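Structure at a glance
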Amino acid sequence: MNMFDLSGRLGLVTGSSRGIGYALAKGLLQAGARVVIHGRDVKQATLAATTLADETGGRTRVSTFDVTDLAAVDRGIADIEADWGTPDILVNNAGLQRRKPFIEFSLEDWDDLVATNLTSAFLVGQRVARGMVARGSGKIINIGSVQSQLARPGIAPYSATKGGIVMLTKGLCADLGPSGVQTNALAPGYFETELTRALVEDEEFSAWVKGRTPAGRWGKVEDLIGALVFLASPASDFVNGQVLFVDGGMTAVV
Ligand code: NDP
């Protein structure tokens, strides 16, 4: 079966200097792709790129730009294109979380969440899609969440951004599908990362996650790799505009 083989492909995973993005980048490397490792902190991204290349024997390159800044995105993608060409696979993963009761949420926190979780996918997606459309092929994978479909107290703005990611995904499917570009969303359940460290350490919350998830546990980042490689590879060439939940069954049950 070579329909999952990514040899000769170039991947860009935003926010791959740590957490879920790091694991996703590793998965693409293991499937044979070259991968651009990205974040804002150049030291952290360089360390991640070196470690990943050592661990997988694959080729990595570092790119650091702020995904919320149009001019920085343009410069960052232009540099990648000049060096390695337009990515075949773009994973819009960079994101952040802020928690507060809705009536206490500041406009500043709302703006940060929308910019980092949603506007970023518009900016990076549009810039990379120009090259993909010109070439007539490409795979865009937007990282959603259980909160793309289900709300929870204290994270209304985050949920709004992750719901938005789903409709942006469908919009890109409509616009880019005729040019040979597939856009899908990968929606993780509760995973152990920096973003969720406080929740993992909160015994009550952790017990809730395990009880609410049919799999009975938190996700491990490696759990996302199979779904990612599927969405990045020729195996999914007729799959477009879909949301694939990798959540141990959480969104399937009440
Ligand atoms: P982390 O906080 O561990 O990592 C975030 C990554 O994004 C880092 O590499 C960070 O690098 C980068 N980043 C953040 N802001 C920017 C920015 N403005 N410009 C460029 N890069 C940026 O997050 P997770 O790995 O936990 O989350 C990754 C994605 O997965 C997010 O979209 C999140 O919503 C989603 N998700 C996470 C779940 C979980 O359980 N953890 C569950 C469901 C979805 P740097 O700081 O150097 O910029």
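As shown above, the structure is provided for reference.
This text gives an overview of the structure that appears in the document. (Residues numbered from 1 in each chain as written. Predicted model: local features only at pLDDT ≥ 70, side-chain atom pairs only at ≥ 80, totals over all residues. Heavy atoms only, no water.)

Looking now at the pattern of salt bridges. One pass over the full model with this rule turns up eleven salt bridges. With a shortest N-O distance of 2.9 Å, aspartate 112 and arginine 98 are connected by a salt bridge. On the criterion of sequence distance, the pair formed by aspartate 112 in helix α4 (residues 107-135) and arginine 98 in the loop between β4 (89-92) and α4 is long-range, its members being 14 residues apart. Residue classification places aspartate 112 among the partly exposed positions, given a relative accessible area of 29%. Looking at arginine 98, the relative accessible area reads 27%, which means it is partly exposed. Connected through salt bridges with shared partners, the residues Arg98, Lys100, Asp109 and Asp112 form a single ionic network. (Salt bridge = Lys/Arg side-chain N within 4 Å of Asp/Glu carboxyl O. Helix = DSSP H or I, 4+ residues; strand = E, 2+ residues; numbered from the N terminus. Buried < 20%, exposed > 50% of the residue type's maximum accessible area, 1.4 Å probe, protein only.)

Below, the discussion takes up the site of the ligand. Taken together, 31 residues lie near the ligand, and Ser17, Ile20, Arg40, Tyr158 and Thr193 sit nearest. Take serine 17: an N or O atom from its side chain is 2.7 Å from an oxygen atom of the ligand. Those elements that provide at least two residues to the shell around the ligand are α1 (19-30), β2 (34-39) and α5 (156-176). Among the residues forming the shell around the ligand, the class breakdown is ten nonpolar, 15 polar and six charged. (Near = heavy atom within 4 Å. Polar contact = N/O pair within 3.5 Å; in protein donor to acceptor, adjacent residues only side chain to side chain. Nonpolar A, V, L, I, M, F, W, Y, C, P; charged D, E, K, R; others polar.)

Taken in spatial order, the seven strands of this open sheet run β3-β2-β1-β4-β5-β6-β7, and their pairing is parallel. In this open sheet, the two strands that pair with only one neighbour each are β3 (60-64) and β7 (243-246). If you compare each strand with its neighbour and ignore which way they point, the axes differ by 20 degrees on average. Judged from the six bridges that link them, strand β5 (residues 138-143) and strand β6 (residues 181-188) form a sheet pairing that is parallel. Opposite asparagine 142, over in β6, you have alanine 185 as the bridge partner. (Pairing = 2+ DSSP bridges. Axes fitted to C-alpha atoms, helices over the stretch in contact; angles between N-to-C directions.)

Here the focus is the side chain of asparagine 92. Relative to the assigned elements, asparagine 92 resides in strand β4. The exposure class assigned to asparagine 92 is buried, which follows from its relative accessible area of 6%. The residues contacting asparagine 92, other than those within four sequence positions of it, are Thr14, Ser120, Ala121, Val124, Gly125, Ile140, Ile141, Asn142 and Ile143. (Contact = heavy atoms within 4.5 Å.)

As a further point, take the packing of α4 against α5. Helix packing geometry: the angle between the two helix axes and the distance between the axes. It is at 9 Å that the axes of α4 and α5 come closest, and there the two elements cross at 15 degrees. With respect to each other, α4 and α5 are oriented roughly parallel. For the pair α4 and α5, the sense of crossing is right-handed. Residues Trp110, Leu113, Val114, Asn117, Leu118, Ala121, Phe122, Ala129 and Val133 of α4 lie in contact with α5, whose contacting residues are Pro157, Tyr158, Ala160, Thr161, Lys162, Gly164, Ile165, Leu168 and Leu176. (Parallel < 35°, antiparallel > 145°, perpendicular 65-115°, else oblique. Left-handed = near helix turned anticlockwise from the far one by under 90°.)

So, on to the packing of aromatic side chains. Aromatic ring pairs are defined here through the distance separating the ring centres and the angle between the ring planes. Summed over all chains, the structure comprises five aromatic pairs. When the ring of tyrosine 190 is compared with that of tryptophan 218, the centres are 5.9 Å apart and the planes differ by 85 degrees; the resulting orientation is edge-to-face. Within this pair, whereas tyrosine 190 is found in the loop between β6 and α6 (197-201), its partner tryptophan 218 is found in the loop between α7 (203-212) and α8 (225-232), the two being separated by 28 residues in sequence. You can call tyrosine 190 buried: its relative accessible area is 12%. Residues phenylalanine 205 and tryptophan 218 carry aromatic rings whose centres are separated by 6.4 Å and whose planes lie at 45 degrees to one another, so their mutual orientation is tilted. Residue phenylalanine 205 is located in helix α7, and its partner tryptophan 218 is located in the loop between α7 and α8; the two are separated by 13 residues in the primary sequence. Of the two residues, phenylalanine 205 and tryptophan 218, both sit in the buried class. Taken together, the ring pairs connect Tyr190, Phe205, Trp208 and Trp218 into an aromatic cluster. Over the aromatic face of tryptophan 84 sits the side chain of arginine 34, whose NZ or CZ is 4.7 Å from the ring centroid. Between arginine 152 and the ring centre of tryptophan 208, over which it is positioned, the NZ or CZ distance is 4.2 Å. (Phe/Tyr/Trp six-rings, centres within 6.5 Å; stacked < 30°, edge-to-face > 60°. Lys NZ or Arg CZ within 6 Å of the ring centre and 35° of its normal.)

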